[in-house]
Amino acid sequence: MLRVRCLRGGSRGAEAAHLIGAMLGRTVTGWVQRAFQSTSSAAAAQPHRAIEDEHVTEPVQQECPVCSYNEWDPLEEVIVGRAENAHVPPFTAEVKANTYEKHWPFYQQHGGLSFPADHLKKAVAEIEEMCNILRHEGVTVRRPEPIDWSLEYKTPDFTSSGMYAAMPRDILMVVGNEIIEAPMAWRARFFEYRAYRPLIKEYFRKGAKWTTAPKPTMADELYDQEYPIRTVEDRHKLAAQGKFVTTEHEPCFDAADFIRAGKDIFVQRSQVTNYMGIEWVRRHLEPDYKIHIISFKDPNPMHIDATFNIIGPGLVLSNPDRPCSQIDMFKKAGWTIVKPPPPLIPDDHPLWMSSKWLSMNVLMLDEKRVMVDANEATIHKMFESLGIKTIKVNIRHANSLGGGFHCWTTDVRRRGTLQSYLH
């Protein structure tokens, strides 16, 4: 007798059906194997089969450990990245297009080398404390594997060294009970998925779906090698014209350019996510989910969650410096648009890979709790005015590696169901 517990959530019925098929397949296979194992007479084989059957156990499927439909349902399990052994990416065309001119000497000097040791040590300690606080708040914390990112690798199309496994939001997107591995767009991040594979395989064995998007070759044709950037004005002009360093040579995307609100998923065309990549995700997820392309007045679009961060049903933080061109769509749907206050991070603090607007790159633990930068007093007041409790954590040195709380995490499981919030 097979016993299967039904799984909650709209997309999980299919998972149960697949499970039943797999379990029946294993049972039938066992019967066939036992039928051919013995060459003795039928009379002798009968007791042998009876003995074997006595040891057959009933498989009982546990609930899939992966399930998340949005950014705010109660968080139960999360992957938090690692700063250990993080390396500065080589200063290639795609890295140059995503960084500001004042930091170019840093990349030219340190590209392929470790981030400054003292700074990295402080970042590691901050993320450890962040993990401890998440556990204290009742969240299960998982971590990627430590990897030596200094190793140089070569493909038929390029040579590079690695970078880090600090920002799981960039490479993993959870949609329902499915984990999607993003293909990425930086050569230094080509093999970043290796740090997460042990975790993903564990989730897969426990019932999660696992999809790897087509891996780009990252040949020279994927990048505009002559991408003309020097000033912020150059970047604004190019972005307004729809010109980016990544071409449409092959699909590429970072998962952090997508943000989820139940059946509606929003995405921007950016320096690391092209239209082919967006189209791949659309075809893969529709008709269960609708993919909306939105855009912003942003001179350097790369990852949506410090520009447009959905923090509740019909509630979004919208960067006032990067207004959304499609904001009327949200207003007509009755959403509340909140403009966060200017960030307070000092000008002299190194932000090699991001802007100060990491202040709005927050992680919702549920609709009424948010993990937020301990130094950003004005945004604390903003959340308090919204009736949201702030869980204050200092990751100022970790910010320098390119991310806030949302970037440093991928939520594996949130307690909720698939719903539509855009009517």
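Provided above is the structure to which this section pertains.
All figures in this text were calculated on a predicted structure; none of them were measured in a lab. (Residues numbered from 1 in each chain as written. Predicted model: local features only at pLDDT ≥ 70, side-chain atom pairs only at ≥ 80, totals over all residues. Heavy atoms only, no water.)

(A) Geometry of the packing of aromatic side chains. Within this structure, the stated rule accounts for 20 aromatic pairs. When the ring of F266 is compared with that of W335, the centres are 6.2 Å apart and the planes differ by 80°; the resulting orientation is edge-to-face. Taken as a pair, F266 in strand β9 (residues 264-267) and W335 in the loop between α10 (327-332) and β13 (336-338) lie far apart in primary sequence, 69 residues in all. W335 shares its class with F266; the two are buried. (Phe/Tyr/Trp six-rings, centres within 6.5 Å; stacked < 30°, edge-to-face > 60°. Helix = DSSP H or I, 4+ residues; strand = E, 2+ residues; numbered from the N terminus. Buried < 20%, exposed > 50% of the residue type's maximum accessible area, 1.4 Å probe, protein only.)

(B) Region of the structure containing the pattern of salt bridges. Tallied over the entire structure, the rule returns 28 salt bridges. Residues E71 and R260 are paired through a salt bridge, measuring 3.0 Å at the closest nitrogen-oxygen approach. Of this pair, E71 sits in the loop between α2 (42-54) and β1 (75-80) while R260 sits in strand β8 (residues 258-261), and the two are 189 residues apart along the sequence. Since its relative accessible area comes to 3%, E71 is described here as buried. Look at R260 and you get buried, because its relative accessible area is 4%. (Salt bridge = Lys/Arg side-chain N within 4 Å of Asp/Glu carboxyl O.)

(C) View of the sheet that holds strand β17 (residues 409-414). If you trace the 3 strands from one edge of the open sheet to the other, you get β2-β1-β17, paired in mixed fashion. Pairing within the sheet leaves two strands with one partner each, and these edge strands are β2 (140-142) and β17. When strand polarity is set aside, the average angle formed by the axes of neighbouring strands in this sheet is 25°. Across 3 bridges, β1 lies against β2 in parallel orientation. Each residue of the ladder has a partner; that of I79, found in β2, is R142. Contacting β1, β2 and β17, helix α5 (residues 117-136) crosses the sheet at an angle of about 165° to β1. (Pairing = 2+ DSSP bridges. Axes fitted to C-alpha atoms, helices over the stretch in contact; angles between N-to-C directions. Contact = heavy atoms within 4.5 Å.)

(D) Geometry of helix α9 (residues 275-285). G277, I278, V281 and L285 are the residues of α9 that are buried. Viewed end-on, α9 has its buried residues packed into an arc of 100°, placing them on one side of the element. On its buried side, α9 packs onto β5 (172-175), β6 (178-181), β8, β9 and β10 (290-293). (Arc of directions from axis to C-beta.)

(E) Quick look at the environment of K290. Tracing the sequence through the fold places K290 in strand β10. Among the residues examined, K290 registers a relative accessible area of 45% and is labelled partly exposed. Sequence spacing of K290 and D264 is 26 residues, and the spatial spacing of their C-alpha atoms is 5.0 Å. When near neighbours in sequence (up to four residues on either side) are disregarded, K290 contacts K263, D264 and I265.

(F) Spotlight on the sheet that holds β9. Pairing is mixed in the open sheet, where 3 strands are placed in the order β8-β9-β10. Both edges of this open sheet fall to β8 and β10, since each of them pairs with a single strand only. Sheet twist, expressed as the mean angle between neighbouring strand axes with direction ignored, is 25°. Set on the sheet, α9 makes contact with β8, β9 and β10; between it and β10 the angle comes to about 160°.

(G) Structural view of helix α11 (residues 377-385). Every buried residue of α11 is accounted for by I379, H380, M382 and F383. Projected down its long axis, α11 carries its buried residues within an arc of 160°, all on one side. Exposed side chains of α11 directed beyond 90 degrees from the buried face belong to K381 and S385. In this structure, the buried side of α11 is in contact with β11 (308-312), β12 (315-318), β13, β15 (369-373) and β16 (389-393). The positive-phi residue at the C-terminal boundary of α11 is G387, with phi of around 80°.

(H) Quick look at the nonpolar core. Ranked by size, the top nonpolar core spans 83 residues in total, and within it F115, M130, L134, M371, L401 and W408 carry the most contacts. Top element by residues in this core is α5. It accounts for 7 residues. The contact partners of M371, leaving out residues within four places of it in the chain, are M130, I133, L134, V362, L363, I391, V393 and F405. Counting 31 residues, the second largest nonpolar core, distinct from the first, contains M364, V372, M382 and I388. (Core = buried A, V, L, I, M, F, W, Y, C linked by side-chain atoms within 4.5 Å.)

(I) Looking closely at the pairing of β9. Covered by surrounding structure in β9 are D264 and F266 together with I265 and V267, the residues of both alternating faces. Looking at chain direction, β8 and β9 are connected through 4 bridges and run antiparallel. Residue pairing for β9: R260 is matched across the bridge by I265. Two successive antiparallel strands, β8 and β9, enclose a turn made up of 2 residues, where G262 displays a positive phi of approximately 65°. Looking at chain direction, β9 and β10 are connected through 4 bridges and run parallel. Bridged to D264 within β10 is K290. You can see the chain leave β9, run along α9 and come back into β10, and the turn it takes is right-handed. (Right-handed = clockwise from strand over helix to strand, strands pointing away.)

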